[in-house]
Amino acid sequence: MLMAHPAVLKDLIGQYEALTLLGAEESPQARQRLADISYTLCVATGTKDVDMALIAARHRLSGARPEDDSLLQAAEPAAGV
């Protein structure tokens, strides 16, 4: 399974929380955006329920640095190779 980068998960969680706090039910555009973010969170975490997706995303963020460069480090060749 592909794993979403922590920065992507953090952004999706932030957007989801902002829309729910602002009451996305009031406008069709906001309601659609909330549905899109919910779907993306589910896909990014491999879950089928937005509540489980939020739990999984937060779990993956625990201890992650905002400037996580793990992908860059993995792409660099090891010293002396």
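What counts and how
- Residues numbered from 1 in each chain as written.
- Predicted model: local features only at pLDDT ≥ 70, side-chain atom pairs only at ≥ 80, totals over all residues.
- Heavy atoms only, no water.
- Helix = DSSP H or I, 4+ residues; strand = E, 2+ residues; numbered from the N terminus.
- Buried < 20%, exposed > 50% of the residue type's maximum accessible area, 1.4 Å probe, protein only.
- Contact = heavy atoms within 4.5 Å.
- Axes fitted to C-alpha atoms, helices over the stretch in contact; angles between N-to-C directions.
- Left-handed = near helix turned anticlockwise from the far one by under 90°.
- Nonpolar A, V, L, I, M, F, W, Y, C, P; charged D, E, K, R; others polar.
- pLDDT = per-residue confidence, 0-100.
- Core = buried A, V, L, I, M, F, W, Y, C linked by side-chain atoms within 4.5 Å.
- Expected span 1.5 Å × (residues − 1).
- Arc of directions from axis to C-beta.

**Topic: the environment of Ile 13**
Here comes step 1: Secondary-structure assignment places Ile 13 in helix 1 (residues 6-22).
Here comes step 2: Taking relative accessible area as the criterion, Ile 13 reaches 6% and is therefore assigned buried.
Here comes step 3: Discounting residues that sit within four places of it in the chain, Ile 13 has contacts with Leu 41, Leu 54, Ala 57, Arg 58 and Leu 61.

**A few points about the packing of helix 1 against helix 2 (residues 28-45)**
The relative placement of two packed helices comes down to the angle between their axes together with the axis-to-axis distance.
Here comes step 1: Across the interface, helix 1 lies against helix 2 with an axial gap of 10 Å and an inter-helix angle of 150°. Both helix 1 and helix 2 take part in a crossing whose hand is left-handed. Contacts between helix 1 and helix 2 involve Leu 9, Leu 12, Ile 13, Gln 15, Tyr 16, Leu 19 and Thr 20 from the former and Ala 30, Arg 33, Leu 34, Ile 37, Ser 38, Thr 40, Leu 41, Ala 44 and Thr 45 from the latter.
Here comes step 2: Grouping the amino acids of the contact of helix 1 with helix 2 by side-chain chemistry returns 10 nonpolar, 5 polar and 1 charged.

**Quick notes on the confidence of the model for the protein**
Here comes step 1: Scored by pLDDT, the protein has a mean of 81; 74% of the residues are at 70 or more.
Here comes step 2: No element of the protein has a lower mean pLDDT than helix 4 (residues 70-75), which averages 48, and none a higher one than helix 2, which averages 94.
Here comes step 3: In the model, residues 71-76 has pLDDT below 50 throughout and makes 1 contact with residues more than four positions away in sequence or in other chains.

**As for the nonpolar core**
Here comes step 1: Ile 13, Tyr 16, Ile 37 and Leu 41 are the most contacted members of the largest nonpolar core, which totals 16 residues.
Here comes step 2: Residue assignment for this core shows that the elements contributing at least two residues are helix 1, helix 2 and helix 3 (50-61).
Here comes step 3: With 6 residues, the top contributor of residues to this core is helix 2.
Here comes step 4: When residues no more than four places from it in sequence are discounted, the contact partners of Leu 41 are Leu 12, Ile 13, Tyr 16, Ala 53, Leu 54 and Ala 57.

**Things to note about helix 2**
Here comes step 1: Helix length check: helix 2 (18 residues) gives 26 Å between terminal C-alpha atoms against 26 Å at 1.5 Å per residue, within 8%.
Here comes step 2: All of the buried residues in helix 2 are Ala 30, Leu 34, Ile 37, Ser 38, Leu 41, Cys 42, Ala 44 and Thr 45. Relative to the axis of helix 2, the buried residues are bounded by an arc of 165° and lie together on one face. Facing away from the buried side of helix 2 by more than 90 degrees, the exposed set consists of Pro 28, Gln 29, Tyr 39 and Val 43.
Here comes step 3: Along its buried surface, helix 2 packs onto helix 1 and helix 3.

**Remarks on the environment of Ala 4**
Here comes step 1: With respect to the secondary-structure elements, Ala 4 resides in the segment before helix 1.
Here comes step 2: In the structure, Ala 4 is positioned 40 residues away from Ala 44 in sequence and 5.6 Å away in space, judged by C-alpha atoms.
Here comes step 3: Not counting the four nearest positions on each side in its chain, Ala 4 is found in contact with Leu 9 and Ala 44.

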